[in-house]
Amino acid sequence: MTMSNRNRKYSNGTITVVWQPAECIHAGVCFTSLRKVFDPVKRPWVNMEGAATEQIIDVVERCPTQALTFFWNDPSAVTPGKENSPKLFDTKNLTRLFPAPTDEEAAAKAAEKEGVTPAAKITFRRGGPLVIEGRFDMIDENGAPIQSKLKMVSLCRCGLSDSQPFCDGAHFKAGFRK
Amino acid sequence: MENTETDRLEIKILPGGPAVIKGDFTVIGPDGKPFVPDQTQKHSGVAFCRCGRSGNQPFCDGSHGKP
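The structure displayed is predicted, hence computed values, not measured ones. (Residues numbered from 1 in each chain as written. Chains lettered and ligands numbered in written order. Predicted model: local features only at pLDDT ≥ 70, side-chain atom pairs only at ≥ 80, totals over all residues. Heavy atoms only, no water.)

Asker: With reference to specific residues and values, describe the packing of aromatic side chains.
Answerer: Counted under the stated rule, the structure contains 5 aromatic pairs over all chains. Plain terms: the ring middles of A:W19 and A:W45 are 4.8 Å apart, the flat faces sit at 65 degrees to each other, and that makes the pair edge-to-face. Here the residue A:W19 occupies a position in strand β2 (residues 15-19), and A:W45 occupies one in the loop between α1 (29-33) and α2 (53-62), the gap between them amounting to 26 residues. Just as A:W19 is buried, A:W45 falls in that class too. For the ring pair B:F25 and B:F48, a centre distance of 6.2 Å and an interplane angle of 55 degrees mean the geometry is tilted. Of this pair, B:F25 sits in strand β4 (residues 25-28) while B:F48 is found in strand β5 (residues 46-48), placing the two residues 23 residues apart along the sequence. On the basis of relative accessibility, which here comes to 1%, the residue B:F48 falls in the buried class. The structure contains a cluster of three or more aromatic residues connected by ring pairs, namely A:W19, A:F38 and A:W45. (Phe/Tyr/Trp six-rings, centres within 6.5 Å; stacked < 30°, edge-to-face > 60°. Helix = DSSP H or I, 4+ residues; strand = E, 2+ residues; numbered from the N terminus. Buried < 20%, exposed > 50% of the residue type's maximum accessible area, 1.4 Å probe, protein only.)

Asker: Could you give an account of the sheet that holds β5(B), with specific residues and numbers?
Answerer: With respect to topology, 5 strands assemble into an open sheet ordered β8(A)-β7(A)-β2(B)-β3(B)-β5(B), the strand pairing being mixed. The sheet terminates laterally at β8 (145-146) of chain A together with β5 of chain B, the two strands that pair on one side only. Bridge count for strand β7 (residues 136-139) of chain A against strand β2 (residues 9-13) of chain B is 4 bridges, and the pairing is parallel. Across the sheet, the residue bridging to A:M138 is B:I11, located in β2(B). (Pairing = 2+ DSSP bridges.)

Asker: Describe the environment of B:F25, listing the residues and the values that go with them.
Answerer: Of the residues examined, B:F25 reaches a relative accessible area of 6% and is grouped as buried. A C-alpha to C-alpha distance of 7.6 Å links B:F25 and B:L9, two positions 16 residues apart in sequence.

Asker: Let's hear about the sheet that holds strand β6 (residues 130-134) of chain A: which residues, and what values?
Answerer: Spatially, β9(A)-β6(A)-β5(A)-β4(B) is the arrangement adopted by the 4 strands of the open sheet, whose pairing is mixed. Unpaired on one side and paired on the other, β9 (152-155) of chain A together with β4 of chain B mark the two borders of the sheet. On average, adjacent strands in this sheet sit at an angle of 20 degrees to one another, irrespective of strand direction. In the sheet, β6(A) pairs with β9(A) via 4 bridges, with the strands oriented antiparallel. The residue of β9(A) that forms the bridge with A:L130 is A:L155. (Axes fitted to C-alpha atoms, helices over the stretch in contact; angles between N-to-C directions.)

Asker: How would you sum up α2(A)? Please name residues and give values.
Answerer: Every buried residue of α2(A) is listed here: A:T53, A:I56, A:I57, A:V59 and A:V60. The elements touched by buried residues of α2(A) are β2, α1 and β3 (68-72) of chain A. (Contact = heavy atoms within 4.5 Å.)

Asker: I'd like to hear about the pairing of strand β3 (residues 19-22) of chain B, residue by residue, with values.
Answerer: All names here are of chain B. Pairing between β2 and β3: 4 bridges, direction antiparallel. Note on β3: the bridge partner recorded for E10 is K22. Remark: 5 residues form the turn of the hairpin made by β2 and β3, two consecutive strands paired antiparallel; G16 in that turn has positive phi of roughly 65 degrees. The pairing of β3 with β5 spans 3 bridges and is classified as antiparallel. The residue bridging I21 from the neighbouring strand is V46, located in β5.

All we've got here are geometric facts, nothing functional implied.
As structure tokens, then:
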């Protein structure tokens, strides 16, 4: 675990969600999937009473990094199949990281099953980063390859991130809306 | 029919400029619907704005180079 005094724990008595902001790539899977629990506007931003434990676990497991993880407060009360497993990001299943797709996206997915799978999906979030999921190679401003162990990255679109070319949440503080 | 996987995307970060992305990808817009880039750009890659100043978001329109 990365040591940082910005790490936080949030519990509903059954599970504890651990937040490590240094790991966050700001992909936004959490707050676009379950705003009643994960709301970056609020302080604290995690409300463990906002949804059932099972729902919270599902969303935490979909976080593409170790920024959100969880553990059971009582190890003997673990629901089978919902142990605190290491999170794996499966690129063969590009959908379902974000909320339910629109009809057109669902139709596109159905068409994909018949033929070729695109290498990646790029999601353009208004007022937020460019999120790229799938198989990709990145080359930085000096022409050197960027080694990323993640299969998902958030690229800064506002120009204000200190972690260029990646998002660090600066767009949010700056009120970037484009 | 068998699913074949296409090659990996190439994402090139240009200094002081856009992220040029080449390869086979889909773009999903803020409303969750597919967002189609200009077809003529696909051969050399599609340039995505990184400075926040483009008037044609999410694509580059050269605003990064203007004073």
